[in-house]
Amino acid sequence: MSFSCFIKLFAAALVLSLLGYYSAGLFGMETPAGSVFATGLLIGCVAGGLLVALYPVSSADESDTDAASSGTSNLYVGNLPFNAGPDDIKNLFAPYGEVVDIRMVKDRRSKRFKGYAFVEMNSAGAQAAIKHLDNNDYAGRTLRVNEAQKKGEA
DNA sequence: GTTGAGCGTT
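Residues numbered from 1 in each chain as written. Chains lettered and ligands numbered in written order. Predicted model: local features only at pLDDT ≥ 70, side-chain atom pairs only at ≥ 80, totals over all residues. Heavy atoms only, no water.

Draft legend 1. How the structure looks around the packing of aromatic side chains. Across all of its chains, the model carries three aromatic pairs by this definition. Summarising the aromatic geometry, the rings of Tyr76 and Tyr116 are spaced 5.6 Å apart at their centres and angled 50 degrees between planes, so their arrangement reads as tilted. With a gap of 40 residues between them, Tyr76 in strand E1 (residues 72-78) and Tyr116 in strand E3 (residues 113-122) connect regions that are remote in the sequence. You can call Tyr116 partly exposed: its relative accessible area is 23%. A ring pair is formed by Tyr116 and Phe118, whose centres lie 6.1 Å apart and whose planes are at 80 degrees; its orientation type is edge-to-face. Chaining the aromatic ring pairs together yields one cluster made of Tyr76, Tyr116 and Phe118. (Phe/Tyr/Trp six-rings, centres within 6.5 Å; stacked < 30°, edge-to-face > 60°. Helix = DSSP H or I, 4+ residues; strand = E, 2+ residues; numbered from the N terminus. Buried < 20%, exposed > 50% of the residue type's maximum accessible area, 1.4 Å probe, protein only.)

Encoded structure:
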């Protein structure tokens with residue numbers, strides 16, 4: 001979420017700075033290219049800041065309505081192989097429901113995967129995933145899939 | 001490139 005938001009901000013700033021650069025060129029300004037690009041960067045930063053100030057409202061509203069309509073719940077997924085990635089988890093849970101979010105827990109210090117993750121998906125799919133994936137063999141290990149205890153979402 | 005029970009991070 002935060003990463004995609006940051007990427008969007010960065011992309012918006014970049015695009016708008018280029019826009020400012022070309023618009024300055026359209027005005028026929030004969031200023032040095034460096035200052036023109038600097039002005040474009042300034043415009044891009046201001047516009048990007050405004051965009052980010054407006055963006056979370058609509059985004060939160062959309063996600064809230066989506067979460068409320070689908071009824072998401074998070075699952076605790078443990079005993080995962082260390083070489084598993086978000087795509088593997090997504091592929092595991094995708095057949096049972098709509099996977100909204102995947103958070104892989106890694107060690108805060110070493111940034112390494114700790115072997116368990118949290119998957120947020122719609123409640124029906126969550127129950128189906130628990131029924132089908134819990135205590136099942138995956139890559140030589142017994143998968144643990146249960147409802148998460150904390151950080152629950154309404 | 002390391003590890004193996006575990007309910008978390010921005």
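Let's pick the thread back up.
Draft legend 2. View of unusual backbone geometry. Non-glycine residue Asn135 carries a positive phi angle of around 60 degrees. With relative accessibility at 57%, the residue Asn135 sits in the exposed group.

Draft legend 3. The pairing of strand E2 (residues 99-106), seen in detail. Bridge count between E2 and E3: seven bridges; the pairing is antiparallel. Following the sheet pairing, Asp101 is matched in E3 by Glu120. The antiparallel pairing of E2 with E3 creates a hairpin that spans six residues between the two strands, and Lys111 there sits at a positive phi of about 60 degrees. (Pairing = 2+ DSSP bridges.)

Draft legend 4. Up close: the protein's contact with DNA strand B. Neighbouring residues of DNA strand B: 21 residues in total, closest Leu80, Phe82, Arg112, Lys114 and Arg141. Looking at DNA strand B alone, sugar and phosphate atoms form 11% of those within 4 Å of the protein. Measuring from a base nitrogen of DNA strand B, one finds a backbone N or O atom of Glu147 at 3.5 Å. In this structure, a base oxygen belonging to DNA strand B sits 3.1 Å away from a main-chain N or O atom of Gln149. Within the residue set of the surface near DNA strand B, elements represented by two or more residues are E1, E2, E3 and strand E6 (144-147). (Near = heavy atom within 4 Å. Polar contact = N/O pair within 3.5 Å; in protein donor to acceptor, adjacent residues only side chain to side chain.)

Draft legend 5. Structural view of helix H3 (residues 86-93). When H3 is considered as a whole, its buried residues turn out to be Ile89, Leu92 and Phe93. For H3, the buried positions fall inside an angular range of 85 degrees around the axis, keeping them on one side. Summarising the contacts, the buried residues of H3 are in contact with E1, E2, E3, helix H4 (123-133), strand E4 (137-138) and E6. (Arc of directions from axis to C-beta. Contact = heavy atoms within 4.5 Å.)

Draft legend 6. Examining the sheet that holds E3 more closely. With antiparallel pairing, the four strands of this open sheet are ordered in space as E2-E3-E1-E6. The two strands at the open ends of the sheet, each matched to only one other strand, are E2 and E6. Averaged over neighbouring strand pairs, the angle between their axes works out to 25 degrees when direction is ignored. The sheet contact formed by E1 and E3 spans six bridges and is antiparallel. Bridge assignment links Ser73 to a residue of E3, and that residue is Met121. (Axes fitted to C-alpha atoms, helices over the stretch in contact; angles between N-to-C directions.)

Honestly, it's all geometry; don't read function into it.
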